[in-house]
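Coordinate inspection notes
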Amino acid sequence: MENFQYHIFSPYRVCPLGAHVDHQHGLVTGFAINKGVDLWFNVREDAEVNLSSLSFEGEVHFDLSKRTEVREKHWGDYARGAKYALKKRFELTKGIDGVLKGSLPVGGLSSSAAVLIAYVMAFAKANGITLQPFEVVQIASEAEREYIGLNNGLLDQACIALGKQDGLLFLDCDSNEWRVIKRNPNMPEFEIGIFFSGLTRSLVNSDYNLRVFECKTAAWNMLAYMEQPLKTFDKTFLRDIPKDTFDKTRDMMPSRFARRAEHFYSEYRRVRQGVTAWETGNLQLFGKLSFDSCESSIHNYECGSPELISIYNIMRPLPGVYGGRFSGAGFKGAVIALVDPTYKEQIEATLTKEYLAQFPEYENTFKVFWVKPDDGARFVDPLNLP
């Protein structure tokens, strides 16, 4: 894109441990990966925003200085969402002319968060606004919750903005404290397999928000049984309720809500164990915990389409697979795995053959991609493309 002054690369992300708990202020881990969204743009002298996409049809036009429009349920909503969240904090007077391109046609890698972060960074640059990486995380997350309508936590945005090529992001979604744990030099080599089921999905239209409300209802049940005061739903989180309270009340509440809470508390423990495994270079244990996370996602959190569960069951026993789980919310999307690179071709061949034997209708859309951890969202030197 030679005619553009600026180029932002905003990576997709994967989360090996810490599934479905960020919205309950849990503990999460993640990597930014070396595939993502590219945004090329020039700064305008007026407040107009003109966007086209190499991945989606149509164009987007709006005025940054005017009140944010209602959602149009179109890919341009993400640019409007970035505008919405930034305008709560800053005056925006200069727009952009830009072109957007996504590098993987895959659900479950938080492409929406990657796009939002790219727009937040671009609008900030155009208007001379300096943002620290965690400010970008918070603004993009607010845009997704309040404008797009997805009740997520900070996991996706944090991985995308804060990730490092040589480490694992560890984030406490209650305190917002985070650190990147450098890879232990004794850890075996690995790559990340992304196994795309062939189904696309929209989280806003899936059961994602319903699961969030079920977790909060579980928390309300526990507080009520223990004669504790209730908070409003938006201020109710499982993280605020001790595990021993759950142990005392789990049999009193409907089993659906108990299973959601069981996933939260067991995932909290797995992330703690996983961080220690990562610090000591024990990739085998780290992978096993990721498998356990997926089992809990299936049985306690009750997500996973038949396609995703099939991929997971085929992948789990294959030689060279350290661990893996559903990526994203796990309703359609993809499955990820940490893999010994020497087994890549064998894994891809076996998985493709066995999955398509069960679901031949996805012959043209099932995909396997191999990626590696990468640095977070950044402006790209034209001579150093990702």
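The rules we used
Residues numbered from 1 in each chain as written. Predicted model: local features only at pLDDT ≥ 70, side-chain atom pairs only at ≥ 80, totals over all residues. Heavy atoms only, no water. Helix = DSSP H or I, 4+ residues; strand = E, 2+ residues; numbered from the N terminus. Rg over C-alpha atoms; globule rule 2.2 N^0.38 Å. Buried < 20%, exposed > 50% of the residue type's maximum accessible area, 1.4 Å probe, protein only. Contact = heavy atoms within 4.5 Å. Areas by Shrake-Rupley, 256 points an atom, 1.4 Å probe, with all protein chains shown as cover. Pairing = 2+ DSSP bridges. Core = buried A, V, L, I, M, F, W, Y, C linked by side-chain atoms within 4.5 Å. Salt bridge = Lys/Arg side-chain N within 4 Å of Asp/Glu carboxyl O. Phe/Tyr/Trp six-rings, centres within 6.5 Å; stacked < 30°, edge-to-face > 60°. Lys NZ or Arg CZ within 6 Å of the ring centre and 35° of its normal.

Each helix and strand counted, the protein has 10 helices and 13 strands in total. In terms of overall dimensions, the protein is globule-like: its C-alpha atoms have a radius of gyration of 21 Å, near the 21 Å expected for 386 residues. Once the C-alpha set of the protein is aligned to its principal axes, its extents read approximately 60 × 55 × 45 Å. Each of the 386 residues in the protein was classed as buried or not, and the buried ones make up 58%. For the protein, contacts bridging at least 24 residues in sequence account for 72% of all contacts bridging at least 6. As displayed, the protein has an accessible area near 16500 Å², and 49% of this comes from carbon and sulfur atoms.

Bringing the pairing of strand 7 (residues 178-182) into the picture now. Across 5 bridges, the pairing between strand 6 (residues 167-172) and strand 7 is antiparallel. Within strand 7, the position partnered with L169 by the bridge is V180. With antiparallel pairing between neighbouring strands as the criterion, strand 6 and strand 7 make up a hairpin whose turn holds 5 residues, including N176 at a positive phi of roughly 65 degrees.

Formed by 122 residues in total, the largest nonpolar core has its most connected members in Y119, F123, I192, I194 and F195. It is helix 2 (residues 111-126) that provides the largest number of residues to this core, a total of 13 residues. In this structure, F123 is in contact with V49, F62, L64, A79, A82, K83, L86 and I96, ignoring residues within four places of it in sequence.

Another aspect to go through is the pattern of salt bridges. A full pass over the atoms with the stated rule returns 25 salt bridges. We note a salt bridge from R13 to D156, for which the minimum N-O separation is 2.8 Å. Pair noted here: R13 is in strand 1 (residues 6-14) and D156 is in helix 4 (residues 155-162), with a separation of 143 residues, a long-range link. Assigned by exposure class, R13 and D156 land together as buried. Between R316 and E295 there is a salt bridge, with the nearest N and O atoms lying 3.2 Å from each other. A residue pair is termed long-range when its members are at least 10 positions apart, and R316 in the loop between helix 9 (306-315) and strand 9 (321-327) and E295 in helix 8 (residues 283-299) qualify at 21 residues. A relative accessible area of 29% places R316 in the partly exposed class. Several salt bridges converge on common partners, so that one network encompasses R211, E214, R256, R259, R260 and E302.

As a further point, take unusual backbone geometry. A positive phi angle is found at H25, which is not glycine, with a value near 65 degrees. Locating H25 in the fold gives a position in the loop between strand 1 and strand 2 (27-43). In this structure, E302 takes a positive phi of about 55 degrees despite not being glycine. Looking at the secondary structure, you find E302 in the loop between helix 8 and helix 9. Relative accessible area serves as the criterion here: at 31%, E302 is assigned to the partly exposed category.

One ladder, built from 7 bridges, connects strand 2 with strand 5 (residues 96-102); its direction is antiparallel. Each residue of the ladder has a partner; that of V37, found in strand 5, is G102. Across 4 bridges, the pairing between strand 3 (residues 48-53) and strand 5 is parallel. Following the sheet pairing, N50 is matched in strand 5 by D97.

Tallied over the full model, the rule gives 21 aromatic pairs. Ring centres 5.6 Å apart and planes at 55 degrees place the aromatic pair F31 and W278 in the tilted group. Pair noted here: F31 is in strand 2 and W278 is in helix 7 (residues 255-279), with a separation of 247 residues, a long-range link. Accessibility expressed as a relative area gives 1% for F31, which makes it buried. Using a relative accessible area of 1% as the deciding quantity, one classes W278 as buried. Each ring, one from Y119 and one from F123, has its centre 6.1 Å from the other, and the planes form 15 degrees; the classification is stacked. Here Y119 and its partner F123 are both found in helix 2, 4 residues apart, which amounts to about one turn of the helix. Considered together, Y119 and F123 belong to a single accessibility category, that of buried residues. Among the aromatic residues, ring-to-ring pairing joins F31, F190, W278 and F286 into one connected group. Here the guanidinium or amino end of K125 rests over the ring plane of F379, the centre of that ring lying 5.1 Å away.

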